[in-house]
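# Architecture at a glance
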Amino acid sequence: MQQSPPGDVVRAGAPIADLLLPEWGGAQTEYLSVRRLGKPDLTAAARQRLRLMGMSDGLIASVERSGRPNGVVTITTPISGTIQTLDARAGVTLAMGQTLAQVSGLGTVWLNAAVPEARAGDVRVGQNASTTLAGFPGERFAGRVIAILPTTQADSRTLTVRIELPNRDGRLRPGMFASVALGGDAKPALLVPSEAVIRTGRRTLVMLAAGDGRYHPAEVRIGREAGGETEILAGLSPGENVVVSGQFLIDSEASLSGIEARPIGGGAASATIAAPASKATLYETTGKIERITANSVTLSHEPVPALDWPAMTMTFALANPGIARGFKAGDRVRFGFDRPPAGPTLRHMAKVAGQ
């Protein structure tokens, strides 16, 4: 018995195994004996008996031509594909109805795609899918979703979507890795950079720039997030400018000032972060001068408890250039500042005793 090993890719009609059937040899010998008698009725009956035993007309004709019995039958695969299992082994006796081999056809292949749990609502059976493979750069393979498996993968929080792909040329093989884009009805979406979204735990905010140096918070309801962008379902209108850099500091200032965020579906916020009252709050702390310019001083300062600021290095505008006269980088100083709309501004500065 000859065998093709599991994993082989075979074409339709390729031999899988040669089986020796003693019963067929005996029946063929009887048929040849009857045929030599020259009695058509008996010959026809004997030929029908061979057919009932499972012999093909081609095999019977071969026996008639050779005049010798042939009890060996070659099992061939009816389709092209990959041999998954081969249960027949040389020298074994096979039972009636026993499966000899399993062949998976490659004319159509299944692709199991892992889809994030958050996108579960966007997937449906019958949906078109476009697939790319690293082995075939620049090519796209079109398919469709035929099943959504019921179990979610607990470790990756993904669900498995089965996609059917035509494979007429047989280039797609089991085990290949692919990237999938699921098609669907295109829907317009309002997107903002994900880093512009502030999640406080109770609500989700973005900071809006009014265009004149003023800002105000707006509450939003978000949707999907991918590629560094977040979908805004409600709370923003196209054309509004959101703050991407420094939004957490602006939000902290808005909270300290008691400014309410614009509610979803509401009008403009009742207040914005604007210029301080005539009597600004002055904050004091100690730090070291890192850099001095004509209009600013960069200080690495200690925490400012009144503002919940940690120790950090930041640049302060000079309310008066004369404040920095006589100072140099490296000096340790005690300084006071306030926070007008233009940003933290240095109001006074003195060297720490002992320098």
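As the structure is a computational prediction, the values presented were derived from the model and not from experiment.

## Examining the overall build of the protein
The helix and strand inventory of the protein stands at four helices and 21 strands. Considering the protein as a whole, with its 355 residues, one finds that 33% of them fall into the buried category. Put simply, 59% of the contacts in the protein that link residues at least 6 apart link residues at least 24 apart.

## Topic: the environment of R35
Assignment of secondary structure puts R35 in helix 1 (residues 22-36). Classification of R35 as partly exposed rests on a relative accessible area of 38%. Measuring from C-alpha to C-alpha, the distance between R35 and E64 comes to 8.9 Å, with 29 residues separating the pair along the chain. Every residue in contact with R35, bar those within four places of it in the chain, is listed here: T43 and E64.

## Topic: the packing of aromatic side chains
Under the counting rule described, the total for this entry stands at six aromatic pairs. Both rings, one in Y283 and one in F337, keep their centres 5.7 Å apart while their planes meet at 35 degrees; by these two values the pair is tilted. Taken as a pair, Y283 in strand 17 (residues 283-292) and F337 in strand 20 (residues 332-338) lie far apart in primary sequence, 54 residues in all. Since its relative accessible area comes to 15%, Y283 is described here as buried. A relative accessible area of 0% means that F337 is categorised as buried. When the ring of F316 is compared with that of F337, the centres are 5.1 Å apart and the planes differ by 55 degrees; the resulting orientation is tilted. Note that F316 is positioned in strand 19 (residues 312-318) and F337 in strand 20, a separation of 21 residues in sequence. Owing to a relative accessible area of 0%, F316 belongs among the buried residues under this scheme. It is R171 that lies over the ring of F136; its NZ or CZ is 4.6 Å from the centre.

## Describing the sheet that holds strand 14 (residues 215-219)
Taken in spatial order, the three strands line up as 12-13-14 in an open sheet, and their pairing is antiparallel. Single-partner strands in this sheet number two, and they are strand 12 (198-199) and strand 14.

## Quick notes on the nonpolar core
When a protein is soluble and globular, its nonpolar side chains tend to lie buried together. With 18 residues, the main nonpolar core has L299, F335, F337, L346 and M349 as its most contacted residues. The set of elements that each furnish at least two residues to this core consists of strand 17, strand 18 (296-301), strand 19, strand 20 and strand 21 (345-351). Contact partners of M349, with chain neighbours within four places excluded, come to I289, I323, A324, F327, V333, R334 and F335. Of all hydrophobic cores here, the second largest spans 17 residues; its members include A113, F136, F141 and V161.

## Some points on the confidence of the model for the protein
Averaged over all residues, the pLDDT of the protein equals 79, while 86% of them reach at least 70. Low pLDDT, under 50, characterises residues 268-279; the predicted model gives this stretch 24 contacts beyond four residues in sequence or across chains.

## As for the pattern of salt bridges
For the structure shown, the criterion picks out 11 salt bridges. For E290, the salt bridge is made with K288, and the minimal N-O distance between the two is 4.0 Å. We classify E290 as partly exposed; its relative accessible area is 37%. Under the relative-accessibility criterion, K288 is labelled partly exposed at 33%. Taking the shortest distance from any N to any O, the salt bridge between D338 and R347 comes out at 2.9 Å. We classify R347 as partly exposed; its relative accessible area is 37%. Put simply, K328, D331 and K351 are held in one network by salt bridges that share partners.

## Let's talk about the sheet that holds strand 7 (residues 128-133)
With antiparallel pairing, the five strands of this open sheet are ordered in space as 6-9-8-7-10. Of all the strands in the sheet, the pair left with one neighbour each is strand 6 (108-116) and strand 10 (178-182). For this sheet, the mean inter-axis angle between neighbouring strands, taken without regard to orientation, is 40 degrees. When strand 8 (residues 141-153) meets strand 9 (residues 158-166), the two strands line up antiparallel, connected through six bridges. Across the sheet, residue R144 finds its bridge partner in strand 9, namely E164.

The rules we used
- Residues numbered from 1 in each chain as written.
- Predicted model: local features only at pLDDT ≥ 70, side-chain atom pairs only at ≥ 80, totals over all residues.
- Heavy atoms only, no water.
- Helix = DSSP H or I, 4+ residues; strand = E, 2+ residues; numbered from the N terminus.
- Buried < 20%, exposed > 50% of the residue type's maximum accessible area, 1.4 Å probe, protein only.
- Contact = heavy atoms within 4.5 Å.
- Phe/Tyr/Trp six-rings, centres within 6.5 Å; stacked < 30°, edge-to-face > 60°.
- Lys NZ or Arg CZ within 6 Å of the ring centre and 35° of its normal.
- Pairing = 2+ DSSP bridges.
- Core = buried A, V, L, I, M, F, W, Y, C linked by side-chain atoms within 4.5 Å.
- pLDDT = per-residue confidence, 0-100.
- Salt bridge = Lys/Arg side-chain N within 4 Å of Asp/Glu carboxyl O.
- Axes fitted to C-alpha atoms, helices over the stretch in contact; angles between N-to-C directions.

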